[in-house]
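Next come the chains, spelled out residue by residue.
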Amino acid sequence: SSNEIGFDSTPGILGFGVIPPNESASKLVELKNFGNETVKVKIESSGNLAGNVIVSENNFFLDGDEAKNISFTAFAGPEAGRQFNGTISIITKKV
């Protein structure tokens, strides 16, 4: 049996494009536990992206064969043309 969590990791899936100053943009990502055991999911971000992205839900459990849509919302702030870079890590642990 598989104990992996699966999601579309296509490069650019969380690319928000150009966001006008003081505006935001959101992307949905489906997380699915393809295994049979419950896992705890923790989402972390790093880089200058970290302070500008809000995750709809964090530190949650996914039962076996359960899926959940998570929204990532990026906020541009007052500066026009600012480039955001960083990494979003989705960490899973069997419980």
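Residues numbered from 1 in each chain as written. Predicted model: local features only at pLDDT ≥ 70, side-chain atom pairs only at ≥ 80, totals over all residues. Heavy atoms only, no water.

Tallied over the entire structure, the rule returns three salt bridges. The residue K42 makes a salt bridge to E44 at a minimum N-O spacing of 3.2 Å. Where E57 meets K68, a salt bridge forms, and the shortest distance between an N and an O atom there is 3.1 Å. With a gap of 11 residues between them, E57 in the loop between β4 (53-55) and β5 (60-62) and K68 in strand β6 (residues 67-75) connect regions that are remote in the sequence. (Salt bridge = Lys/Arg side-chain N within 4 Å of Asp/Glu carboxyl O. Helix = DSSP H or I, 4+ residues; strand = E, 2+ residues; numbered from the N terminus.)

Ordered in space as β5-β3-β7, the three strands form an open sheet in which the pairing is antiparallel. The sheet terminates laterally at β5 and β7 (87-94), the two strands that pair on one side only. Direction aside, neighbouring strands of the sheet carry axes that sit 35° apart on average. With eight bridges joining them, strand β3 (residues 39-46) and β7 adopt antiparallel strand pairing. Within the sheet, the bridge partner assigned to K42 lies in β7 and is I91. (Pairing = 2+ DSSP bridges. Axes fitted to C-alpha atoms, helices over the stretch in contact; angles between N-to-C directions.)

Moving on, we come to the confidence of the model for the protein. On average, residues of the protein score 83 in pLDDT, and 83% of them are at 70 or above. Counted against residues more than four places away or in other chains, residues 1-8, with its pLDDT under 50, gives 28 contacts. (pLDDT = per-residue confidence, 0-100. Contact = heavy atoms within 4.5 Å.)

Looking now at the environment of G51. Within the secondary structure, G51 sits in the loop between β3 and β4. Accessibility expressed as a relative area gives 72% for G51, which makes it exposed. The sequence separation of G51 and F75 amounts to 24 residues, and the corresponding C-alpha distance is 8.9 Å. (Buried < 20%, exposed > 50% of the residue type's maximum accessible area, 1.4 Å probe, protein only.)

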